[in-house]
Amino acid sequence: MGAVKNMVRGFIFTGVYVLFTLAIPLTLFTLLFSIEGLPFEWEQIDQHNILFWLTAFGLLASGFAFFKYSSPKQSIRKGIFALIQVIINCLYLWSYKFSGASEIKFIIIDYGFFTLDISQMILIYMGVYFLTIVLKIYDIFDYTINREKIRENRMKE
Amino acid sequence: MIFQTMEFLEIIANITTAILLFLKPLVTPIGEWMVDWITTTTQFFKDNLGASLSFYIVVFIVLVVSAIVVNIIWPGDRPGSIFSKGIGKLEEFEDKIGISDDEDIVDEIKRCKDCGNPVGDSEICPLCGARQI
């Protein structure tokens, strides 16, 4: 019964990840690239690059999300995959920056333009991710040291 | 511009700047380190795995399938099926040689009536000297 429950949880969270890291960004960018006459343009127009790296890291993030969320609570397996997940999330977020999706130039007709640069916001997020990485490493140590106790408690449930 | 027109927002902006400047010596090296390793990793992906999506699709499928297999073997709320088979074999072996869980070899040892010390076959307890008849 535990295995089925774990896998259902894994599939639910993978669905969430697929939605937020693949479906929504890809739909949004495809629409933005296809609609003409919008009052903004990308600073570095590289549609293929943006779509490719979002899909690539989105797939990795979703795959690792399944492994993480289908693992038993407080297991070493979960700890390790949670750490990998955070690292993949960093890469996913960074893919927005290096593919050029973080700099958008808005052109206001008959007025001028301004550039929206979300690179700094991504860098702040990186700081948050660093703290998350530290926390996940601590979790792995915690789960390893208290392995027997955690397992006993889990078997009792 | 907007921060200069609204006083409340200007105060918040000043406080945030003060906090960030105070944390700068700590945050900057962390940020630089993060940017370094992420840039190196993404550059590796760009150079070696940037041609097609097939690698990422294969990794995704492998992760999902392996997670399903691992969960079937080690679901977490009971001993894994590999270990369960081992326990089953041990129980079968115990059944064959006639050992049950209720029987305990320690219970079969003859003990002194007075002090409880194991006496074996002797009639006098070696510890307290009481006769065992």
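Residues numbered from 1 in each chain as written. Chains lettered and ligands numbered in written order. Predicted model: local features only at pLDDT ≥ 70, side-chain atom pairs only at ≥ 80, totals over all residues. Heavy atoms only, no water.

Asks: Even after reading the chapter, I still don't get a nonpolar patch on the surface, so can you show me in this structure?
Replies: Residues and elements named next belong to chain A. A grouping of Val4, Val8, Ile12, Phe13, Val16, Leu19, Phe20 and Ile24 is seen on the molecular surface, where their side chains present a nonpolar patch of about 700 Å² in accessible area. With respect to the secondary-structure elements, Val4 resides in helix 1 (residues 2-34). Classification of Val4 as partly exposed rests on a relative accessible area of 48%. (Patch = residues over 30% accessible without salt bridge, like charges linked within 9 Å, V, L, I, M, F, W, Y side chains within 5 Å. Areas by Shrake-Rupley, 256 points an atom, 1.4 Å probe, with all protein chains shown as cover. Salt bridge = Lys/Arg side-chain N within 4 Å of Asp/Glu carboxyl O. Helix = DSSP H or I, 4+ residues; strand = E, 2+ residues; numbered from the N terminus. Buried < 20%, exposed > 50% of the residue type's maximum accessible area, 1.4 Å probe, protein only.)

Asks: Looking at this model, I keep getting lost on the interface of chain A and chain B. Mind explaining?
Replies: Bring the parts together and some accessible area is lost; that lost area is often taken as the interface size. On the side of chain B, 34 residues touch chain A, which itself brings 34 residues to the contact. Seen at the junction of chain A and chain B, the total is zero salt bridges. Our enumeration of links across chain A and chain B arrives at four residue pairs in polar contact (both at pLDDT 80 or more). Elements supplying a minimum of two residues to the side of chain A that touches chain B: helix 1, helix 2 (47-69), helix 3 (76-98), helix 4 (119-145) and helix 5 (147-156) of chain A. Examining the composition of the side of chain A that touches chain B, we find that twelve residues originate from one element, helix 2 of chain A, more than from any other. Residues of the side of chain A that touches chain B, tallied by class, amount to 25 nonpolar, seven polar and two charged. (Contact = heavy atoms within 4.5 Å. Polar contact = N/O pair within 3.5 Å; in protein donor to acceptor, adjacent residues only side chain to side chain. Nonpolar A, V, L, I, M, F, W, Y, C, P; charged D, E, K, R; others polar.)

Asks: Mind showing me how you'd approach the packing of helix 3 of chain A against helix 4 of chain A here?
Replies: All names here are of chain A. Across the interface, helix 3 lies against helix 4 with an axial gap of 9 Å and an inter-helix angle of 170 degrees. Accordingly, the angle class assigned to the pair helix 3 and helix 4 is roughly antiparallel. Across the contact of helix 3 with helix 4, the residue classes tally to 18 nonpolar, five polar and two charged. (Axes fitted to C-alpha atoms, helices over the stretch in contact; angles between N-to-C directions. Parallel < 35°, antiparallel > 145°, perpendicular 65-115°, else oblique.)

Asks: Whenever I open this one, the side chain of A:Lys78 confuses me. Can you help?
Replies: Among the secondary structure elements, A:Lys78 is positioned in helix 3. The buried charged residue A:Lys78 lacks any salt bridge partner; its closest oppositely charged side chain belongs to A:Asp139, at an N-O distance of 9.8 Å. (Lys, Arg positive; Asp, Glu negative; His and termini not counted.)

Asks: Can you help me understand the packing of aromatic side chains in this one?
Replies: In this description, a pair of aromatic rings is defined by centroid distance and the angle of the planes. Applying the stated criterion across every chain yields a total of 15 aromatic pairs over all chains. An angle of 25 degrees between the planes, with centres 6.3 Å apart, marks the rings of B:Phe45 and B:Tyr56 as stacked. Placement of B:Phe45 in helix 2 (residues 7-48) and of B:Tyr56 in helix 3 (residues 54-73) is noted, with a sequence separation of eleven residues between them. Of the residues examined, B:Phe45 reaches a relative accessible area of 12% and is grouped as buried. A relative accessible area of 0% means that B:Tyr56 is categorised as buried. Ring-pair connections join several aromatic residues into one group, and the members of that group are A:Phe52, A:Trp53, A:Phe57, B:Phe44, B:Phe45, B:Phe55 and B:Tyr56. (Phe/Tyr/Trp six-rings, centres within 6.5 Å; stacked < 30°, edge-to-face > 60°.)

Everything listed here is a matter of coordinates, which is why it stays silent on function.
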